[in-house]
Amino acid sequence: MEELLSLEKEEVSGVIPVFLSDSISEYRVSKRKRSTLAGDYWEQLRSSINVAEVEDLISHETATRLRIR
């Protein structure tokens, strides 16, 4: 769980787009609060990852690594 919630190196270096960083943050908060909406935030995060990858805002490798985490 802590691995998932830790800062991504791409976030620190500013490589990922703001909308994806926001989705990651919202998902983290929902997991920490044990929200019943965590599944919804996970789907939003997956969607944001997909959009960022399709729009070439992140690499395929970064997208895959985020999905696995």
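Just above, that's the structure.
What comes next concerns the included structure. (Residues numbered from 1 in each chain as written. Predicted model: local features only at pLDDT ≥ 70, side-chain atom pairs only at ≥ 80, totals over all residues. Heavy atoms only, no water.)

Another aspect to go through is the nonpolar core. Counting ten residues, the largest nonpolar core is built from Ile16, Leu20, Ile24, Tyr27, Leu45, Ile49, Ala52, Ile58, Ala63 and Leu66. Of all the elements in the fold, those that place two or more residues in this core are helix 3 (18-32), helix 4 (38-54) and helix 5 (60-68). (Core = buried A, V, L, I, M, F, W, Y, C linked by side-chain atoms within 4.5 Å. Buried < 20%, exposed > 50% of the residue type's maximum accessible area, 1.4 Å probe, protein only. Helix = DSSP H or I, 4+ residues; strand = E, 2+ residues; numbered from the N terminus.)

On to the pattern of salt bridges, then. Enumeration according to the criterion identifies one salt bridge in this entry. Across the pair Glu53 and Arg67 runs a salt bridge whose closest N-O atoms are separated by 2.5 Å. Of the two residues, Glu53 sits in helix 4 while Arg67 sits in helix 5, which places them 14 residues apart along the sequence. Using a relative accessible area of 18% as the deciding quantity, one classes Glu53 as buried. (Salt bridge = Lys/Arg side-chain N within 4 Å of Asp/Glu carboxyl O.)

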